[in-house]
Amino acid sequence: MGLTFLNGAFLVAALVALVPVVIHLISRRRVETVDFSSLRFLKELERKRIRRVRLRQILLLIVRSLILLSVALALARPTIRGPLAGAAGARARTSMAIVLDESASMGRSLEGVPLFDEAARICRGVAGLLDEGDQAFLVTASDPPRDVLPEGTFSRDALVEAVTGLGVTSSATDYAGAVAEAARLLDGARNLNRELYVIGDLQRTGWGVGGAGAAAPSTEEPPGAGGTGEPVRGYVVPVSGPTGNLGVASVEAGRKYGGTPGLFSITAEVRNRGARRVDVPVKLFVDGVQVGQAGAVLEPGGAAVATLATTVDETRWHSGWVELPPDALEIDNRRHFVIPPATRTEVLVVRAAGDEPRDDAYYVSRALDPSGTGERFSPVQIDAVSLGSQEDGRFPVAVLGDVGRLDSSGENWIVRHVEGGGGLLLVFGSRTDLRYWNADLLPRLVGTRLKTTLDRPSGARLAPVGLGHPLLDGLVFGERLIDDVTVRRGFEIETGVDGARAPEDILEIPGVGPMLVLGRTERSGEVGVILTGIDPAWSDLPQSGFLVPLIHRLVAHLEGARARGEGALVGQDLVVPLDGGAVGRVDVELPGGGTAIAELGAGGGRASIDAAETPGVYRFLVDGREAALGVVNVDPRESDLAALDPDDLGERVPGVAFRTLDASGSLEGEIVEARRGRELWRVLVYIALVLIAMEMLLARPRGA
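Residues numbered from 1 in each chain as written. Predicted model: local features only at pLDDT ≥ 70, side-chain atom pairs only at ≥ 80, totals over all residues. Heavy atoms only, no water.

Examining the overall build of the chain
Convention followed: Secondary structure elements follow DSSP: runs of H or I no shorter than four residues count as helices, runs of E no shorter than two count as strands, and numbering proceeds from the N terminus. Between two residues, a contact is recorded if the distance between any of their heavy atoms is within 4.5 Å. Residue exposure ignores everything except the shown protein chains as possible cover, and the areas themselves are Shrake-Rupley values with a 1.4 Å probe.
Looking only at helices and strands, the chain features 13 helices and 39 strands. Partitioning the contacts of the chain with sequence separation of at least 6, the portion at a separation of at least 24 is 75%. In the structure as shown, the chain presents an accessible area of about 32,800 Å², 53% of it carried by carbon and sulfur atoms.

Focus on the sheet that holds strand 17 (residues 334–339)
Operational definition: Two strands pair under a simple rule: DSSP has to find at least two bridges between them. Orientation is described by axes fitted as lines to C-alpha atoms, over the contacting stretch for helices, and by angles from 0 to 180 degrees between their N-to-C directions.
Strand order in the open sheet made by the four strands is 14-13-16-17, with antiparallel pairing throughout. Strand pairing shows two members of the sheet lacking a second neighbour, strand 14 (289–298) and strand 17, which therefore form its edges. Direction aside, neighbouring strands of the sheet carry axes that sit 20° apart on average. Relative to strand 16 (residues 318–323), strand 13 (residues 278–286) runs antiparallel, the two being bridged by four bridges. If you follow Leu284 over to strand 16, its bridge partner there is Val322.

Description of empty space enclosed by the protein
Note the cut-off: In this analysis, the protein atoms alone were mapped onto a 1 Å grid. Cavities are point sets where a 1.4 Å probe fits without being able to get out; pockets are open sets with protein on both sides within 12 Å along at least five of seven lines; lining residues have an atom within 4 Å of a point. Grid points are joined across faces, edges and corners, and a volume is the space filled by probe spheres set on the points.
What the rule picks out here adds up to one cavity of 30 Å³ or more. If you go around the largest cavity, the residues you meet are Leu462, Leu507, Met515, Leu516, Ile530, Thr532, Leu541 and Leu550.

Quick word on the side chain of Asn438
Just so we agree on the cut-off: Note on classification: 1.4 Å probe, protein chains only; a residue is buried when its accessible area is under 20% of the maximum for its type, exposed when over 50%, partly exposed between these limits. Counted as a polar contact is a pair of N or O atoms within 3.5 Å, where, for protein atoms, one must be capable of donating a hydrogen and the other of accepting one, and residues adjacent in sequence contribute only when both atoms are in side chains.
Counting through the fold element by element, Asn438 comes out in helix 8 (residues 434–446). Judged by its relative accessible area of 15%, Asn438 is buried. In this structure the side chain of Asn438 is engaged in a polar contact, spanning 2.7 Å, whose partner is the backbone nitrogen of Leu450. Excluding its chain neighbours within four sequence positions, the residues that come into contact with Asn438 are Pro443, Arg449 and Leu450.

As for the nonpolar core
Put simply, the rule is: As used here, the term nonpolar core means buried Ala, Val, Leu, Ile, Met, Phe, Trp, Tyr and Cys residues forming a set that is joined through side-chain atoms within 4.5 Å.
Grouped together as the largest cluster of nonpolar side chains are 71 residues, with contacts concentrated most on Leu406 and Ile551. Here the element with the most residues in this core is helix 9 (residues 547–559); it accounts for seven residues. Excluding its chain neighbours within four sequence positions, the residues that come into contact with Leu406 are Ala384, Leu387, Leu400, Glu411, Ile414, Tyr436, Trp437 and Leu441. Ranked by size, the runner-up nonpolar core spans 29 residues in total, among them Ala136, Leu159, Tyr197 and Ile671.

Description of the pattern of salt bridges
Pairing is possible between side chains of opposite charge, provided their charged atoms come close. The criterion, for reference: Salt bridges are counted wherever a side-chain nitrogen of Lys or Arg sits within 4 Å of a carboxyl oxygen of Asp or Glu.
The full count for this structure, using the stated rule, is 31 salt bridges. Between Asp455 and Arg489 there is a salt bridge; the shortest N-O distance is 2.7 Å. Pair noted here: Asp455 is in strand 22 (residues 448–461) and Arg489 is in strand 26 (residues 486–495), with a separation of 34 residues, a long-range link. Classification of Asp455 as partly exposed rests on a relative accessible area of 42%. Judged by relative accessible area, Arg489 falls into the partly exposed class, the value being 29%. The network of salt bridges with common partners includes Asp143, Asp635 and Arg637.

Overview of the pairing of strand 14
Inspection of the sheet shows strand 13 paired to strand 14 by nine bridges, in the antiparallel sense. Within strand 14, the residue paired with Val280 across the bridge is Ala296. Counted between consecutive antiparallel strands, the loop separating strand 13 from strand 14 contains two residues, among which Asp287 sits at a positive phi close to 50°.

Quick look at helix 9
The α-helix winds at 3.6 residues per turn, so residues separated by three or four positions along the chain end up facing the same way. Convention followed: Helix span, expected: 1.5 Å multiplied by one less than the number of residues in the helix.
The end-to-end C-alpha separation of helix 9 is 18 Å, in line with the 18 Å expected for 13 residues at 1.5 Å each. Buried residues of helix 9: Leu547, Leu550, Ile551, Arg553, Leu554, Val555, Ala556, His557, Leu558 and Glu559, and no others.

Some points on the sheet that holds strand 11 (residues 246–255)
Within the open sheet, the three strands sit side by side as 11-12-15. Their pairing is antiparallel. What marks the edges here is a single partner per strand, and that holds for strand 11 and strand 15 (303–311). When strand polarity is set aside, the average angle formed by the axes of neighbouring strands in this sheet is 20°. Relative to strand 12 (residues 263–272), strand 11 runs antiparallel, the two sharing nine bridges. Residue pairing in the sheet places Leu246 in a bridge with Asn272 of strand 12.

Just distances and angles here, no functional claims.
Written out as C-alpha cells, the structure is:
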C-alpha cells in the first residue's frame, strides 16, 4: 500500500493545527493566590470543578487542532494504493491526453471506412471513460501539432464535440511533436492517474523514422511525474490501412534556352512506396488542360524522373500540375507548379567600393543589358556600402560582383533577400575576403566554403559538367563550349558544410574542380556562385561571346526559381513577390474557392499567406490585376505510409510503457482496471464535520 498527496503543497497548511495550542499558551494567566478565611470551606469543592473545566479545555484544544489538521489534509488530497484502496474514500481521478492523427495519410480507407472515421470512433470511446473530476486534453498529430483543448475539459460531451469537429487535413504527420506536447500538458495535471493515448496510423515518418526530411526525432525528455509522483501510462490504438502508394515527390519547371520561345521543360520525380514494380502514366496539365503525358517505370521502393515539355505565352503567369492515377492515398498524386512571365526585370548589381571603371560588376551589367535599352533586364548598380539601405522585395535577383566583404546592414539585407525567395549571384575574384565569407554567410546561403585559389598561369579550358545543364542548351558543342574560355585563377570550394546538400556543378575545369555552381538551402532562394573573376587577369570571360548568354540565363534562372521551387508546403507560410509591387490591399483567390487578404511585406514587394492549409494554386490580385501566383503542395513525407511497430514506441517516447489496445475490442476493461487508487479527502471532510459537532457540544456553556 502506498500513500500519495496529489496537492502536496497544502501539507504546509497542516501547521495551522498548532494555532489553537499557541493561542492557549499565550492566553494562560498567572494569578497570585490570596487565602481568605471565609472561603476556606469552599476550596475543596472548587478544586473538583477546576479539574472538570481544565479537562474540557484540553479536549476543545485537541478537537480544534484536529479540525484544522483534517481540513489541511483534505486539501492536500491524500490517495492510497493497494489492498485497502477498494474500501476507502472516492476513486482516484484521471487526467488523460489524447493524441489523434488528422494528417493527410488518415484519408485512406480500409474496406470503405476512412481511417480517420475509425480513429474518431475510438477517441469517442475513450471519452466515454471520463468520470466526475476527470480531465482530458486533445492534441492533433498534424505538423505542426495543435492543442484542441489546451486548458483541458472535465466534460465528456465537450471532448466528444471537439473530436466531432475535427477532420482529415492536408498536413504532414508529427507524432513526435504531438506526444511531446501531450506530455507537457500531463506534467501540469494534478490527478493521480495520468494517461497518454496515441490513436492513428502510426506513420513512421511522423516519428522521425524513414526518408530524408522526416519529422523531428522522439521526445528527448520523458514525460515527468508532474506534481503527483506517478508515471504516465501509455496506450496506443493503431488503425491500419493499405501502405502501397505512389506519389509525386517534386516538380521543376525550367525554361528551355536556344530554341522555341516560351518552351519549358517540366521534370517530375515520382516515388513508389509499394512492394510491386509498376508502370505508371504521368500526366501534365497547364492552365487546367492536359498538354502531355509520359511513362515511368518504378521499382519497389524506387523513384523515376519523368520529363515533359510545354510551350506557353511568356507575357503572363501560368499554373499547372503533374498527376498520377488514383491509388491508396490520392492527395499526393498531384503536385502543382507555376511559370512566371518573362517581363522586364530590375537586377541589383553590387560593386566593391573604388574607382576602377571596368570591374566584375561592370561586365555583369553590360552582359545583362548590352544595348542599354533595358528591354529584358535593367541593371541597377550600387556600391556595397549602400546595399543595406535598399528596399526589400524590389529586386528579384541581386548580383555581387567581387565584393570583398559587406557591412552588417548589407549582410542582413542579403540574408533577408535570399530567405525571402530572391535569387543571388556571387562572383568571387581578387577582392574576396575568404575569412569573412567562410565565417557564416557562404555556409548559410549555399552550404559551401571557399578554399585556396587555383593558379594556372598558362590557362585551363572551361568545360560543361557531364552532359551539360539546361542553362547551357545551344551553348555546348560536344564536350566543349561554343566559345573557348580560358581560366587562369579560380577558387576551390568545400561543399556539404553543416550537413547542407551539395550544390549542382554547371561548369568546371576538368580534373581541377567546379567554376560555376548552383545551390540553395531549405526554403530559400537559389544562389549561383562563379568561382573565377570576370576579370581579364582571372579569365577570358570578358572577351568571350559566352558571357552575355551565360549571365542572361543565370539571372533568368535565379529569377524564376520560385516557379521551380516548392513554393510552400501545407502548414508553412506562402510568400510570393508581386509584379509591380502593391501599396493597398492584396486579395487572394484560394484553391477550391474562397478569398483571403494577404499580408504585405515591407515596401509592398511581397505578399504572404500565413500557414497555408490547402494544396493548390493561390492567385494574388492587386486592384483586380493578377500580380502573382503561388503554389502550396503536400509534404512528400506523407507519401510513405509505412507504420512504426507499436513495440518500438518505448524507444521514441522514453519513460512511458505503452500498451497496445485492439481497436475492434472494448477499451474499458483494460483501462479501468489499471486505474488503481482511492482518494481520502472525503473521509477527512466527514471527520472534520464530526469534530466540528463535537467542538460545538464541548464549547456549549453549562446550563444553556
